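A look at the structure
Each chain is listed here by its residues.
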Amino acid sequence: MAEPDDVLLGWVNAARRGDQEAFAEIVYSFTDAVYNLCYRMLGDAPEAEDATQETFLRAYNHLESYDRERSFKTWLLSIASNHCIDRIRKRRMALVSLDEPLPSGNALEIASSDPLPEDVLLRRERSAMIQRMLDELAPDYRAAVVLRYWYDYSYSEIAAALNTTESAIKSRLFRARQMLAEQYGHINDQPSENRRLLEG
Amino acid sequence: MDPLRQQMQEKLDGVLSEELTQSLLRQLEHDAEAAREFARLETVDNLLSSAPQMRAPQRLAVTIMARLAQTIELQARLQALPPALRSQIMQSLSLSMVAAMPMMVGASWLVLNREADARTLSQVLERAIALMLLQVEAQIALLDAIEPHLREDPQLAAACLRLMPLMMEGLLNAFDQNAEPGDHTSS
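Being a predicted model, the structure only gives us computed values, none of them experimental. (Residues numbered from 1 in each chain as written. Chains lettered and ligands numbered in written order. Predicted model: local features only at pLDDT ≥ 70, side-chain atom pairs only at ≥ 80, totals over all residues. Heavy atoms only, no water.)

Looking at the overall build of chain B
Definition in use: Put simply, DSSP H or I for four residues or longer makes a helix, DSSP E for two residues or longer makes a strand, and each gets a number counted from the N terminus. Here, two residues are considered to be in contact whenever any of their heavy atoms come within 4.5 Å of each other. Here the open area of atoms and residues is found with the Shrake-Rupley method and a 1.4 Å probe, where only the protein chains shown may cover a residue.
Per the secondary structure count, chain B includes seven helices and zero strands. N-terminal to C-terminal, the α/β element order of chain B is α-α-α-α-α-α-α. Sequence separation of 24 or more characterises 52% of the internal contacts of chain B that already satisfy a separation of 6 or more. With the model as given, the accessible surface of chain B reaches about 12,600 Å², and the carbon-plus-sulfur share is 60%.

Some details on a nonpolar patch on the surface
Stated precisely, the cut-off is as follows: A patch is a set of surface residues, each over 30% in relative accessible area and not in a salt bridge, joined within 9 Å for like charges and within 5 Å for the nonpolar side chains Val, Leu, Ile, Met, Phe, Trp and Tyr. The term salt bridge refers to a side-chain nitrogen of Lys or Arg lying within 4 Å of a carboxyl oxygen of Asp or Glu.
On the surface, Ile-89, Met-90 and Leu-93 of chain B cluster together to form a nonpolar patch covering roughly 270 Å² of accessible area. By the secondary structure assignment, Met-90 of chain B is in helix H5 (residues 83–115).

Here's the deal with the packing of aromatic side chains
Residues and elements named next belong to chain A. Threshold: Working definition: rings of Phe, Tyr and Trp (its six-membered ring) pair if their centres are within 6.5 Å, and the pair is stacked with planes under 30 degrees apart, edge-to-face with planes over 60 apart, and tilted otherwise. Accessibility here uses a 1.4 Å probe with only protein chains present; expressed as a share of the type maximum, an area under 20% marks a residue as buried, one over 50% as exposed, and anything in between as partly exposed.
For the coordinates displayed, the defined rule picks out eight aromatic pairs over all chains. On the numbers, 5.5 Å between centres and 45° between planes, the contact of Phe-72 with Trp-75 is tilted. Here Trp-75 and Phe-72 lie together in helix H4 (residues 72–93), a separation of three residues that amounts to about one turn. Assessed through its relative accessible area of 1%, Phe-72 is described here as buried. Residue classification places Trp-75 among the buried positions, given a relative accessible area of 7%. An aromatic cluster is present here, built from Phe-30, Tyr-66, Phe-72 and Trp-75 joined pairwise through their rings.

What about the environment of Gln-27 of chain B?
Residue and element names in this part refer to chain B. Note that Gln-27 resides in helix H2 (residues 18–30). On the accessibility criterion, Gln-27 (36% relative accessible area) is partly exposed. A C-alpha to C-alpha distance of 8.3 Å links Gln-27 and Leu-4, two positions 23 residues apart in sequence. Excluding its chain neighbours within four sequence positions, the residues that come into contact with Gln-27 are Leu-4 and Gln-7.

Some points on the interface of chain A and chain B
The cut-off we apply is this: By definition, the buried area sums, over both parts, the 1.4 Å-probe accessible area that each loses when the two are put together. By the criterion applied in these results, polar contacts are pairs of N or O atoms within 3.5 Å in which, for protein atoms, one can donate a hydrogen and the other can accept it, and in which residues neighboring in sequence qualify only through two side-chain atoms. Throughout, the ten residues Ala, Val, Leu, Ile, Met, Phe, Trp, Tyr, Cys and Pro are labelled nonpolar, Asp, Glu, Lys and Arg are labelled charged, and all others, Gly among them, are labelled polar.
The interface of chain A with chain B comprises 43 residues on the first partner and 35 residues on the second. Together, the buried faces of chain A and chain B total about 3,700 Å²; carbon and sulfur atoms form 65% of this surface. At the junction of chain A with chain B, the criterion picks out six salt bridges. Between Asp-13 of chain B and Arg-177 of chain A there is a salt bridge, and its shortest N-O distance comes to 2.6 Å. Joining chain A to chain B, the criterion identifies 15 residue pairs in polar contact (both at pLDDT 80 or more). Those elements that place two or more of their residues in the side of chain A that touches chain B are helix H2 (20–42), helix H3 (45–61), helix H5 (118–135), helix H6 (139–149) and helix H8 (166–189) of chain A. A per-element tally of the side of chain A that touches chain B places H2 of chain A first, with eleven residues. Looking at the side of chain A that touches chain B residue by residue, the classes come out as 25 nonpolar, ten polar and eight charged.

Considerations on the nonpolar core
Note the threshold: The nonpolar core is taken to be a set of buried Ala, Val, Leu, Ile, Met, Phe, Trp, Tyr and Cys residues, with the residues joined through side-chain atoms within 4.5 Å.
Ranked by size, the top nonpolar core spans 81 residues in total, and within it Phe-23, Met-41, Phe-72, Leu-147, Trp-150 and Tyr-151 of chain A carry the most contacts. The leading source of residues in this core is H2 of chain A, at 13 residues. Phe-23 of chain A has contacts with Ala-15, Phe-56, Tyr-60 and Leu-63 of chain A together with Met-65 and Leu-68 of chain B, leaving out every residue within four places of it along the chain. One finds Leu-81, Leu-85, Met-164 and Met-167 of chain B within the second-largest nonpolar core, a separate group that totals nine residues.

Structural notes on helix H1 (residues 5–16) of chain A
Residues and elements named next belong to chain A. To keep things clear, this is the line we draw: What a helix should span is 1.5 Å times the count of its residues minus one.
The terminal C-alpha atoms of H1, which comprises twelve residues, lie 16 Å apart, in line with the 16 Å expected from a rise of 1.5 Å per residue. Among all positions of H1, only Leu-8, Val-12, Asn-13, Ala-14 and Ala-15 are buried. One or two residues past the end of H1 sits Gly-18, with phi positive at roughly 100°.

Here we look at the side chain of Asp-13 of chain B
Structurally, the position occupied by Asp-13 of chain B is in the loop between helix H1 (3–12) and H2. Looking at Asp-13 of chain B, its side chain comes within polar contact range of the side chain of Arg-148 of chain A, at 3.2 Å. When residues no more than four places from it in sequence are discounted, the contact partners of Asp-13 of chain B are Arg-148, Tyr-155 and Arg-177 of chain A.

Okay, structure coming up:
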């Protein structure tokens, strides 16, 4: 997680003083990281975009509370994770079914009638399937898995981002992996297209 | 977590020592079920490790900055209001919240006791929230209409607040008229 600390801190300090250009540099530097987390958490591209916007607005409004001893990226991802967890919980409260099929499964897809090379198509389908498996996890577990696998965070970094303890994160990751493995087992038991994706 | 499963997790995390890795592999050789479980865990681990990073749409950063600029402008406009007026608005909002909470709790209690049915409560709350959202929309429209004149005549804010109960009543009546016959959750 190498960050050019001095440059970044310079932007943060300037943004704290109201310099929007400095904050724009932060936005350009971290949009992909925040968006990826929101997408993996929410499984829906438009909602991930909205959550990314909300994350940066919250970060801007709370720049004063950023502790310079911590990694800025971890702080930002912590805001994004907690915001996404809240969104998922509100979704459930609104009785919206999580079993609805995902829209496209890939935010980078561009509508086109051109045939895709098989390996690209396979990769996209596999990515969508991983997303469907992730969507079955409780939001706290999902956040731990996303930070572990997409950001290569250690237990202590995940714990810091999600305001909990390392042992809680170990436990969440253990259970999450077990659940995902069970899902994988169900898919693997079926001689279907999904099995081809997993093996491909 | 039993020791075998803990070792499996540590192996996946790449923190299991060579000695314990060998011990784990020996155990798995003699336990077919555990070996299948570990194979599934490894596959899932590989799938997650190889999953791509999603890239944000190019326009997103620009959208964020535009939204931030709007928010900052709105905050500046709110700050520009006379402190006394701002304080009155905040007090009014706080009072509205304080007044609304017992009503919501009371309504929930009544519905649950009468119907003993969480679904009915859910329907009532949905309608109550829809009504509140309509009220907010109506208030925004009203504030937009009076905003240009507010600086010249701050009393308009008080007049606007007095209009709100009337708006609420009007919306409630409209809601009742639109309710289906026999629907007892409309009010």
